Amino acid sequence: MIDPDQRRTFAALADVLIPASDPMPSATAAGVPDALLDQALGYRPDLAEPFAEAVAWCTGKDPEAALDGLSDQRPEEFQALTVLTAGAYFLSPQVKAALAYDAPPRTARDDVDSYVDMLADVVDRGFATR
Amino acid sequence: MNTQHGHGDADVLIVGAGASGGVAALELAGRGFRVVCLEQGDWALPDDFTGGKPEWELTRLKQWNPSPNARGRESDYPVDTKESPIEPLMFNGVGGSTIMFSGHWVRAMPSDFRVRTLDGVADDWPFSYEDLRPFYDEVTHHIGASGLDGDPAYPDPHTFPLPPMPIGKYGLAAAKGMDKLGWHWWPAPNAIASRKFKNRPACLRYGACESGCPTGAKASTDFTHWRDAIAAGAVLVTGARVRQLTVDNRGLVTGAEYIDREGVVRHQAAGVTVMAANGIGTPRLLLNSASAQFPDGLANSSGLVGKRLMIHPYASVYGTYEDELETWLGPTGQALQSMEFYETDAGRGFVRGAKWNLMPTGGPLTHTLWEPGEDWREGFGPAFHNRLRSTFGRYTEWGITTEDLPEDHNEVILDPGATDSDGIPVPKIRYTISENTERMLKFNVDRAIEAHQAAGATSVHPIPVVRESGWHLLGTARMGTDPATSVVDEHGRAHDVPNLFIIDGSVFVTSTGVNPTATIMAVALRAMRHLADNRHHQTTAD
């Protein structure tokens, strides 16, 4: 379980890692330090320990300076922190909407018509099979 | 510890339920053999995979990571890779590595079987492309590959039972670039169902092929072979980790000792044993089966078991494009392939060549991963959104599979100091990239940069050698005609042990420069059909 103090420390780190940039929300505005973090940790329980260690190491430090130190001195923990932060961010419905992409599933309809004329050139160029 | 019996009498024991094991089981059970297969992993069903689900991008980095060392499942065994620049990738379960392969269904070229004759390096195979061609045809139509007939790179217009997968916007952009340069490209063949085929539905383009197909469209052998093999009478035992093969006083293999999930040591007896445990697993078990009769490991009088490991050093060249190209869409899978630089050209400073594949680049998390040593501000902070905007949907990969030549010092050995969770010595690989391959990588990376630029890329990001790329585990029990210089004959029969067969990628004489699964399955089919056709002359253990 992540306690409120850990969440507060993490929230400050998360907003440095992922600030807002229109139309994309910041990490905290997307809800990363709340339920999304729990959801991400549920998918990756192996990261719980390095995540907790990362947050503990950063507690009481300026967030940006803490991230400098963590990435330099504790890369495994920094990796866990950033994977969880970004992973939780992309779980956010708000973020998905802002990304505005037509996600799968999609029918695997062949598109040969779009390139069949080009293929004639490929065939004309030939190939020296040995 | 008492050794318990296995699963009844078997004519044939198969070790490993992957690509070649599936071929063997279906061929032999269908021909009336009593077949038992021991597989250390389990079944995985499409719903077990996470593609298309919220957890996909996080779990593909761990639970569905193609590296057994990263995945660390109970069914996996560790591989010591400290002396290799490339991490071997595999999956242990029904379907083997076809569960996680990207499904590039590529035939080797005729020249691949004659490299000594043509280029004066390595060795020729004991058979030709023409000899293997009917088996390529049969397995391609059996598994339901998607592709387009008429690729001029091949001497024969081999056919596919299914139309090609869509090449998408990113494929079309890359094809236009290749055309500007006058270079070969072709809509790529994939072991993925573009339409419903037998027991598999059509692909839904989740792009999650390499973490297990959530649709069941990919031609993994759990679908293409195992269900039919079991219906034909094959017995498939999962959770059965083979420790060593056993021999009798005539020097014949009598089956295998294995450990079940309860930790019970069992023995499966069989008249014939077939190794299908991949280019690392097979030499591992043969070396671990040393005995007074076979002091250097089973079938190893040549000293070549575990030697000549080939792993296809792989380069990625990524291009960033201004236009939205939907590069999150599958298959992953390949959209295009190019054989432009496959054949030897002496002017390039190396022999042999490389196959290229154009691939998409997945979901958003992929583009935001931090690597140790990288300045975090390059991908996080304000740069996070800039990177995401420039890559997500706009980033494609020309992947380069290079043909590495066999060298004895590239090898699989047993690690004397480490064991898996069942106390079996783990394999260690020692691998170095040769100068020939280094030159091949550099040449092809430079050309792939040009290909992206011709296609309109705004920036290009090459990775000269991708560490996590060792899908192709080849050559560690090579075939040949001379027992002094090869482990098995052209039909996979061990020169030293007449009722032992090896049919996985271990038997490759050279690595070819293409993704090997089509060749592995064609070679396995050729070997097992020969065994079945000649069963009355086959020596068996009592």
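From a predicted model like this one, the values you see are computed outputs, not experimental measurements.

Chemist: Would you mind going over the nonpolar core with me for this structure?
Modeler: As a rule of thumb, soluble globular proteins bury nonpolar side chains together. Among the nonpolar cores identified, the biggest contains 162 residues, and Val-15, Ala-25, Val-35, Val-274 and Ile-503 of chain B are the most heavily contacted of them. With ten residues, the top contributor of residues to this core is helix H11 (residues 517–533) of chain B. Ile-18, Leu-37 and Tyr-89 of chain A together with Trp-370 of chain B belong to the second-largest nonpolar core, a separate cluster that totals 45 residues.

Chemist: Before we go on, may I ask you to explain unusual backbone geometry in this structure?
Modeler: With glycine set apart, most residues show a phi of negative sign, and most peptide bonds adopt trans. A cis geometry characterises the amide bond from Asp-22 of chain A onward to Pro-23 of chain A, with omega recorded as 10 degrees. As for its placement among the helices and strands, Pro-23 of chain A is situated in the loop between helix H1 (4–17) and helix H2 (27–30). With omega at 10 degrees, the peptide bond leading from Gly-330 of chain B into Pro-331 of chain B counts as cis. With respect to the helices and strands, Pro-331 of chain B occurs in the loop between strand E11 (314–320) and strand E12 (336–338). The backbone of Asn-278 of chain B shows a phi angle near 80 degrees, a positive value even though the residue is not glycine. Positionally, Asn-278 of chain B belongs in helix H8 (residues 278–287). A tally of 28 C-beta atoms within 10 Å means that Asn-278 of chain B is categorised as buried. For Arg-352 of chain B, which is not glycine, the phi dihedral falls at a positive 65 degrees. Take Arg-352 of chain B: it is sitting in the loop between E12 and strand E13 (354–359).

Chemist: What's the story with the sheet that holds strand E18 (residues 500–502) of chain B in this structure? I'm lost.
Modeler: Hydrogen bonding along the main chain pairs the strands of a sheet, whether they run parallel or antiparallel. All names here are of chain B. Strand order in this open sheet of five strands is E6-E3-E2-E10-E18, and the pairing throughout is parallel. Each having just a single partner strand, strand E6 (235–237) and E18 make up the two edges of the open sheet. Looking at each pair of strands side by side, their axes are set apart by 20 degrees on average, direction ignored. Where strand E2 (residues 12–15) meets strand E3 (residues 35–38), four bridges bridge the pair, whose relative direction is parallel. For Val-12, the partnering residue across the bridge sits in E3 and is Val-35.

Chemist: I'm lost on the environment of Lys-176 of chain B in this one. Help?
Modeler: All names here are of chain B. Within the secondary structure, Lys-176 sits in helix H6 (residues 168–181). On the neighbour-count criterion, Lys-176 (15 C-beta atoms within 10 Å) is partly exposed. Spatially, the C-alpha atom of Lys-176 lies 8.0 Å from that of Ala-454, the residues being 278 residues apart in sequence.

Chemist: Which parts of the structure should I look at to understand the environment of Glu-378 of chain B?
Modeler: Residues and elements named next belong to chain B. Turning to its location among the elements, Glu-378 is positioned in the loop between E13 and helix H9 (383–391). Assessed through the 12 C-beta atoms surrounding it within 10 Å, Glu-378 is described here as exposed. Residues Glu-378 and Ile-192 lie 186 residues apart in sequence; the distance between their C-alpha atoms is 37 Å.

Chemist: Just to check I follow, could you spell out the interface of chain A and chain B for this structure?
Modeler: Accessible area lost during the coming together of the parts is what is often quoted as the interface size. Across the boundary between the two partners, chain A contributes 44 residues, which contact 54 residues of chain B. At seven residues, helix H6 (residues 75–89) of chain A tops the list of elements feeding residues into the side of chain A that touches chain B.

What counts, and where the lines are drawn
- Residues numbered from 1 in each chain as written.
- Chains lettered and ligands numbered in written order.
- Predicted model: local features only at pLDDT ≥ 70, side-chain atom pairs only at ≥ 80, totals over all residues.
- Core = buried A, V, L, I, M, F, W, Y, C linked by C-beta atoms within 7 Å.
- Buried ≥ 20, exposed ≤ 12 C-beta atoms within 10 Å, placed from the backbone.
- Helix = DSSP H or I, 4+ residues; strand = E, 2+ residues; numbered from the N terminus.
- Pairing = 2+ DSSP bridges.
- Axes fitted to C-alpha atoms, helices over the stretch in contact; angles between N-to-C directions.
- Contact = placed C-beta atoms within 7 Å.

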